[in-house]
Amino acid sequence: MDEWEYVDASELQNWKGARICLTCQYFTYGVDASCRTMVACKLRQQQLQQGDHLTKRCRLWCPTWQDQAGWCPEYG
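Described in the following lines is the structure provided in the data block. Every residue gets a number counted from 1 within its own chain, in the order that chain's sequence is written. Totals for whole chains, interfaces and linings use all residues, but because this is a predicted model, local features are given only for residues with pLDDT of at least 70 and pairs of side-chain atoms are given and counted only at 80 or more. Side-chain descriptors were evaluated using all non-hydrogen atoms of the structure, hydrogens and water having been removed beforehand.

### Notes on the packing of aromatic side chains
- Two rings belonging to Phe, Tyr or Trp (six-membered ring only in the last case) form a pair when the distance between their centres is within 6.5 Å. Interplanar angles under 30 degrees mark stacking, angles over 60 mark edge-to-face geometry, and anything in between is tilted. Summed over the entire model, instances satisfying the criterion amount to zero aromatic pairs.
- To sit over a ring, a charge needs its Lys NZ or Arg CZ within 6 Å of the ring centre and within 35 degrees of the ring normal. In this arrangement the basic side chain of R57 is found over the ring face of W15, its NZ or CZ atom lying 3.7 Å from the centre.

In structure tokens form, the structure reads like this:
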């Protein structure tokens, strides 16, 4: 992820509610060599600015598998 560019701000829209980058199935995170957290979109292969994952989303937003299967599908 270190070499990925950042998502252009014009591709994201402000959003209030649960459908934000953090809840998208393409959302990912990791740490760099300095142990700083990086957040990114796996589909775009681009990083997100810190904080954008909490308040924004894009047109590619897709629900996570937990919405269909539940938190513990192997239990049922």
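### Some thoughts on the pattern of salt bridges
- The rule for a salt bridge is simple: a side-chain nitrogen of Lys or Arg has to be within 4 Å of a carboxyl oxygen of Asp or Glu. Taken as a whole, this structure holds two salt bridges when the rule is applied.
- Note that D32 is salt-bridged to R36, the shortest N-O span being 3.0 Å.
- Note on exposure labels: buried denotes an accessible area under 20% of the residue type's maximum, exposed denotes more than 50%, and partly exposed covers the range between, all computed with a 1.4 Å probe on protein chains only. On the basis of relative accessibility, which here comes to 13%, the residue D32 falls in the buried class.

### Observations regarding the environment of R44
- Per the convention used, a helix needs a DSSP run of H or I reaching at least four residues, while a strand needs a run of E reaching at least two, with both numbered from the N terminus. Residue position: R44 is located in the loop between β3 (37-41) and β4 (46-48).
- With 16 residues separating them along the chain, R44 and L60 place their C-alpha atoms 9.3 Å apart.

### Some points on the environment of A9
- Residue placement: A9 occurs in the segment before β1 (13-14).
- Using a relative accessible area of 58% as the deciding quantity, one classes A9 as exposed.
- The sequence separation of A9 and L48 amounts to 39 residues, and the corresponding C-alpha distance is 9.0 Å.

### Digging into the sheet that holds strand β2 (residues 27-31)
- Overall, antiparallel pairing links the three strands, which are arranged β2-β3-β4 in an open sheet. Of all the strands in the sheet, just β2 and β4 have a single pairing partner and so form its edges. Strand-to-strand twist across the sheet, computed as the mean angle between neighbouring axes with direction ignored, equals 40°.
- Strands were regarded as paired on the criterion that DSSP finds at least two bridges between them. In the sheet, β2 pairs with β3 via five bridges, with the strands oriented antiparallel. Opposite V31, over in β3, you have T37 as the bridge partner. For helices, the axis comes from a line fit to the C-alpha atoms of the stretch in contact; other axes are also lines fit to C-alpha atoms, and the angle between any two N-to-C directions lies between 0 and 180 degrees.

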